[in-house]
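Each chain is listed here by its residues.
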Amino acid sequence: KGRNVRSATFTPDLAWAVAGDEAGAVRIFDLAKGERIKGDWPLLQRSFTDLGVTADKKYIVAADDEGLVKVGDVEKREKVAEVKSHKAGVRALVVSPAGDTFVTISNDREVTAWSLKEFKGEKIAEVRTWALPAAINGAAYTPDGKSIVTANADGTAFVLELP
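Structural notes, computed from the coordinates. (Residues numbered from 1 in each chain as written. Predicted model: local features only at pLDDT ≥ 70, side-chain atom pairs only at ≥ 80, totals over all residues. Heavy atoms only, no water.)

### Regarding the overall build of the protein
And step 1. Counting secondary structure elements, the protein contains zero helices and 16 strands.
And step 2. Over its C-alpha atoms, taken along the principal directions, the protein stretches across nearly 45 × 35 × 30 Å.
And step 3. Taking all 163 residues of the protein together, the buried fraction comes to 48%.
And step 4. For the protein, the exposed area adds up to about 8,200 Å²; of that, 49% sits on carbon and sulfur atoms.
And step 5. With 23 positive and 24 negative side-chain charges, the protein shows a separation of 3 Å between the mean positions of the two kinds. (Helix = DSSP H or I, 4+ residues; strand = E, 2+ residues; numbered from the N terminus. Buried < 20%, exposed > 50% of the residue type's maximum accessible area, 1.4 Å probe, protein only. Areas by Shrake-Rupley, 256 points an atom, 1.4 Å probe, with all protein chains shown as cover. Lys, Arg positive; Asp, Glu negative; His and termini not counted. Charge placed at Lys NZ, Arg CZ, Asp CG, Glu CD.)

This is the structure in structure tokens:
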């Protein structure tokens, strides 16, 4: 069906493309075979703001515009954890190169790092939050995964070190 795709990403090895649509469904495509892997996966109940996938292709991390973040197990096609991350909603998220953390960027100038190593029940453990003096347009992990670099609306960039 012709649902509007709201977010898309690739796995680091470029084997898969992953897309999230306006109805909250995930679609995974095997790029070498040129075909979808299984059918639609309804991970969110709302439209995607952003999504990411771990390098080992075990988890998909998805966020909606109200700040709800869910981690889904790709093999089982089920949610394993979730958190209401930011009161002002999630603007973007980025998964670390090692797949052990991810960061969310809020609409209220916060960056929060979350753990993908362990879940407390179905809750995602917060690693650290930074409040920045400017709106954040984007972020990226350094290749070693120990820091996050932000691109800010006022022309600045910050290097945020993970604990």
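### As for the pairing of strand 7 (residues 59-64)
And step 1. Taking burial as the measure, the six residues of strand 7 include six buried ones, the bulk of the element.
And step 2. Here strand 7 shows two buried faces, one formed by Y59, V61 and A63 and the other by I60, A62 and D64.
And step 3. The turn joining strand 6 (residues 48-53) and strand 7, which pair antiparallel and follow one another in sequence, is formed by five residues; a positive phi near 65° is taken by K57.
And step 4. Pairing analysis gives five bridges linking strand 7 to strand 8 (residues 68-73), with the strands arranged antiparallel. The partner of A62 across the bridge, within strand 8, is K70.
And step 5. Connecting strand 7 to the next strand, strand 8, in antiparallel fashion are three residues, including G67 with a positive phi near 95°. (Pairing = 2+ DSSP bridges.)

### A closer look at the side chain of S106
And step 1. Relative to the elements of secondary structure, S106 occurs in strand 11 (residues 101-106).
And step 2. Once residues within four sequence positions are removed from consideration, S106 is found in contact with H86, G89, V90 and R91. (Contact = heavy atoms within 4.5 Å.)

### Thoughts on the sheet that holds strand 14 (residues 136-141)
And step 1. On the basis of which strands lie adjacent, the open sheet formed by three strands has the order 14-15-16 and antiparallel pairing. What marks the edges here is a single partner per strand, and that holds for strand 14 and strand 16 (157-161). Between one strand axis and the next, the sheet turns through 25° on average, direction left out of account.
And step 2. Note that strand 14 and strand 15 (residues 147-152) share five bridges and pair antiparallel. Across the sheet, I136 pairs through a bridge with N152, a residue of strand 15. (Axes fitted to C-alpha atoms, helices over the stretch in contact; angles between N-to-C directions.)

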